[in-house]
Amino acid sequence: MGIAMLDITDKELDAMETVDVRTVDINTLTDIRDIKIDTKLPVEKKLALFVKQTNNLFIHRIGDYVVKVRFQKEGPTIDDKMEEYLRHLAEIHI
């Protein structure tokens, strides 16, 4: 299922991706904790549910924090990045 199947144009997708976390009005963002998705569904259906529940695929809020997400096909996994982050935190506190 491509983005076209989700009723999002390339122009809309580009606009979502270019939102600046430093200037966005946090009150316009979807709190990621409010998004509900059945994890047993296929990826395409999960993505469609995610799209329906948020106003931006790339930038959200978690309480009082703004979070921007990037998607990449290659490179480190989220687990790799979390491990790197935790190691960095451990170095700071040692």
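Provided above is the structure to which this section pertains.
Residues numbered from 1 in each chain as written. Predicted model: local features only at pLDDT ≥ 70, side-chain atom pairs only at ≥ 80, totals over all residues. Heavy atoms only, no water.

## Topic: the nonpolar core
Rule in force here: Among the buried residues, those of types Ala, Val, Leu, Ile, Met, Phe, Trp, Tyr and Cys that are joined through side-chain atoms within 4.5 Å form a nonpolar core. Think of it in three bands: with a 1.4 Å probe and only protein chains considered, a residue is buried below 20% of the maximum accessible area for its type, exposed above 50%, and partly exposed in between. Strands are runs of DSSP state E lasting at least two residues, helices are runs of H or I lasting at least four, and both sets are numbered from the N terminus onward. Should any heavy atoms of two residues lie within 4.5 Å, those residues are counted as being in contact.
Of all hydrophobic cores here, the largest spans eight residues; its members are Ile8, Leu13, Met16, Ile35, Phe50, Val51, Leu57 and Phe58. Mapped by element, the contributors of at least two residues to this core are α1 (10–17) and α2 (43–53). Among residues more than four places away in sequence, those in contact with Phe58 are Leu13, Met16, Glu17, Val67, Lys68, Val69 and Phe71.

## Here's the deal with the pattern of salt bridges
Our working definition: Throughout this description, the term salt bridge denotes a Lys or Arg side-chain nitrogen within 4 Å of a carboxyl oxygen of Asp or Glu.
If you walk through the whole model with that rule in mind, you get four salt bridges. The partner of Arg22 in a salt bridge is Asp20, with the nearest N and O atoms 2.8 Å apart. Since its relative accessible area comes to 72%, Arg22 is described here as exposed. Given the relative accessible area of 25%, Asp20 is considered partly exposed. Ionic pairing is found between Glu84 and Lys81, a salt bridge with its closest N-O pair at 3.2 Å. Taken together, the residues span about one helical turn, with Glu84 and Lys81 both in helix α3 (residues 78–93) at a distance of three residues. Given a relative accessible area of 41%, Lys81 falls into the partly exposed group.

## A word on the environment of Ile32
Mapped onto the elements, Ile32 comes out in the loop between α1 and α2. Measuring from C-alpha to C-alpha, the distance between Ile32 and Arg61 comes to 6.1 Å, with 29 residues separating the pair along the chain. Leave out the neighbours within four places in its chain, and Ile32 touches Phe50, His60, Arg61 and Ile62.

## Regarding the pairing of strand β2 (residues 65–68)
Condition: Two strands qualify as a pair provided that DSSP identifies no fewer than 2 bridges between them.
The pairing of strand β1 (residues 59–62) with β2 spans four bridges and is classified as antiparallel. In the sheet register, Ile59 faces β2, and the bridge partner there is Lys68. Connecting the antiparallel pair β1 and β2 is a turn made up of two residues, with Gly63 showing a positive phi of about 65 degrees.

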